[in-house]
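# An overview of the molecular structure
The primary structure of each chain is shown beneath.
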Amino acid sequence: MRSRWCWLLAIYVTASVSHTQAYGWNMPVGVTDVSSDIYGLHMTIFWICVVIGVLVFGVMFFSLFRYRHSKGAKAAHFHEHTSVEVLWTAIPILILVGMAVPATATLKNMYDASDAELDVMITGQQWRWRYEYLGEDVAFNSSMSTPRAQISGEEERGEYYLLEVDQPLVLPINRKVRFLMTSDDVIHSWWVPDLAVKQDTIPGFINENWVRINEPGIYRGQCAELCGIDHGFMPVVVHAMEEEAFDGWLAEQKEMAKEEAMGVDREWEMTELVERGESVYQTICASCHQSEGQGLPPAFPALANNQQLISDVDWHLDTILNGVSGAAMPAFRNTLNPVELAAVVTYTRNAWGNDTGDVVQPSTVAGKIAQ
């Protein structure tokens, strides 16, 4: 009979663990060896705490029931019981050592970023991430792609509301990838639960972390630091690929980067720049200056019918390149390439009724950056 009850209890506990994980009450097992170790450590310590709680409260409630006053029990009087004092000191020490040994081994592994096969620089920016594959000449920005109409409630929210981006970070499986993390403005925190990576990005500092993904797939996270007004609109999406597929993707990105660099030297038509600039504006600028250029004064001035912008193209370009000191406007000279910068300047000078007719070429922007 006792054996049967033990089996029922084991089945119930297993089902409970699976159920809580399925409903998000427990931390994920993840898709890396580190995340699996962390989950195993978490569950081990959890059950140790459960056993301690059951024993302590069991003895307490048994004593309250068995030796209650109504049954005539009388309290014993004793002092300085050496054996008991040694026992209740030794047992907690042994428990703590038993928990510290596996925890220390896991922590050592988490912080060992040596012998990486790929280095990725992750830079936090209000409110997007910039990824640079070091030594590969590939870099891009990753911004939230959830439509503003969903955020405002004008459209039905999608499956990955606030957790979708225009360009995910692409990584290979079965390769050790080292992350070098910093920030251009305020403190951000790059967090992807399934990868067991949560690292602050701090201006002026470079933090280090690493990952080796075991399974291909899409893994989502977000900024876990209160980094400003759009903190909730700064998701992280990682696309883990098979190694051969990643190598092909990286080769394509290198080719695209070369073509983009060659585009600096040619003359662009206004229609090309306006089309490209609208995409850049909606991705990078619209969160502050709004999709129709109306802004959110006084922090984010309107660009539509902005007389200073309309009358002074040099001021306009300088502001985008170098930002505004003491204001929320960041510098984009290291964030966007000359083609993107020329496109967004041309677009904003000819959108929403500004109609200046100005065309700013990428070569002009490149010259400004080089000064």
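See the structure shown above.
These remarks concern the structure in this document. Just so it is clear, the structure is predicted and the values come from calculations on it, not from any experiment.

So, on to the nonpolar core. Counting 36 residues, the largest nonpolar core has Tyr133, Leu171, Phe179, Trp190, Leu195 and Ile213 as the members making the most contacts within it. Ile320, Phe332, Ala351 and Val360 belong to the second largest nonpolar core, which has 20 residues in total.

The next subject is the environment of Gly98. Along the chain, Gly98 turns up in helix α3 (residues 82-110). C-alpha of Gly98 to C-alpha of Trp352: the two residues are 254 residues apart in sequence and 66 Å apart in space.

Looking now at a nonpolar patch on the surface. Nonpolar side chains collect at one region of the surface, where Ile52, Val56, Phe57, Met60, Phe61 and Leu64 lie side by side and expose about 580 Å² of accessible area between them. By the element assignment, Phe61 lies in helix α2 (residues 33-66).

What follows concerns the packing of aromatic side chains. Taken as a whole and judged by the stated rule, the model has twelve aromatic pairs. Pairing Phe57 with Phe61 gives two aromatic rings, centres 6.1 Å apart and planes at 25°, and the pair type is stacked. In this pair, Phe57 and Phe61 both sit in helix α2, four residues apart, roughly one turn of the helix. Look at Phe57 and you get partly exposed, because its relative accessible area is 46%. Here Tyr281 and Trp352 contribute two aromatic rings whose centre-to-centre distance is 5.1 Å and whose plane-to-plane angle is 55°, an arrangement assigned as tilted. Taken together, the residues span a long stretch of sequence, with Tyr281 in helix α6 (residues 270-289) and Trp352 in the loop between α9 (338-348) and α10 (362-370) at a distance of 71 residues. With relative accessibility at 0%, the residue Tyr281 sits in the buried group. Among the aromatic residues, ring-to-ring pairing joins Tyr131, Tyr133, Phe140, Phe246 and Trp249 into one connected group. Across from the ring centre of Trp210, 4.4 Å away, lies the NZ or CZ of Lys176, which sits over that ring. A cation over a ring is seen here: Arg266 above Trp268, with NZ or CZ 4.0 Å from the ring centre.

With four of five residues buried, strand β3 (residues 138-142) lies mostly within the body of the structure. In this structure, the hairpin formed by strand β2 (residues 128-133) and β3 is closed by a connection of four residues, where Gly135 is found at a positive phi of approximately 80°.

Position of Arg130 among the secondary structure elements: in strand β2. Although Arg130 is buried, it makes no salt bridge; Glu132 carries the closest opposite charge, 5.4 Å away. Among the polar contacts listed, one links the side chain of Arg130 to the backbone oxygen of Thr335, at a separation of 2.8 Å. Those residues in contact with Arg130 that sit more than four places away from it in its chain are Met121, Ile122, Thr123, Gln125, Ala139, Phe140, Asn141, Asn334 and Thr335.

We now examine the pattern of salt bridges. Summed over all chains, the structure comprises twelve salt bridges. Linked through salt bridges whose partners overlap, the residues forming this network are Asp119, Arg178 and Glu208.

The rules behind these values
Residues numbered from 1 in each chain as written. Predicted model: local features only at pLDDT ≥ 70, side-chain atom pairs only at ≥ 80, totals over all residues. Heavy atoms only, no water. Core = buried A, V, L, I, M, F, W, Y, C linked by side-chain atoms within 4.5 Å. Buried < 20%, exposed > 50% of the residue type's maximum accessible area, 1.4 Å probe, protein only. Helix = DSSP H or I, 4+ residues; strand = E, 2+ residues; numbered from the N terminus. Patch = residues over 30% accessible without salt bridge, like charges linked within 9 Å, V, L, I, M, F, W, Y side chains within 5 Å. Areas by Shrake-Rupley, 256 points an atom, 1.4 Å probe, with all protein chains shown as cover. Salt bridge = Lys/Arg side-chain N within 4 Å of Asp/Glu carboxyl O. Phe/Tyr/Trp six-rings, centres within 6.5 Å; stacked < 30°, edge-to-face > 60°. Lys NZ or Arg CZ within 6 Å of the ring centre and 35° of its normal. Pairing = 2+ DSSP bridges. Lys, Arg positive; Asp, Glu negative; His and termini not counted. Polar contact = N/O pair within 3.5 Å; in protein donor to acceptor, adjacent residues only side chain to side chain. Contact = heavy atoms within 4.5 Å.

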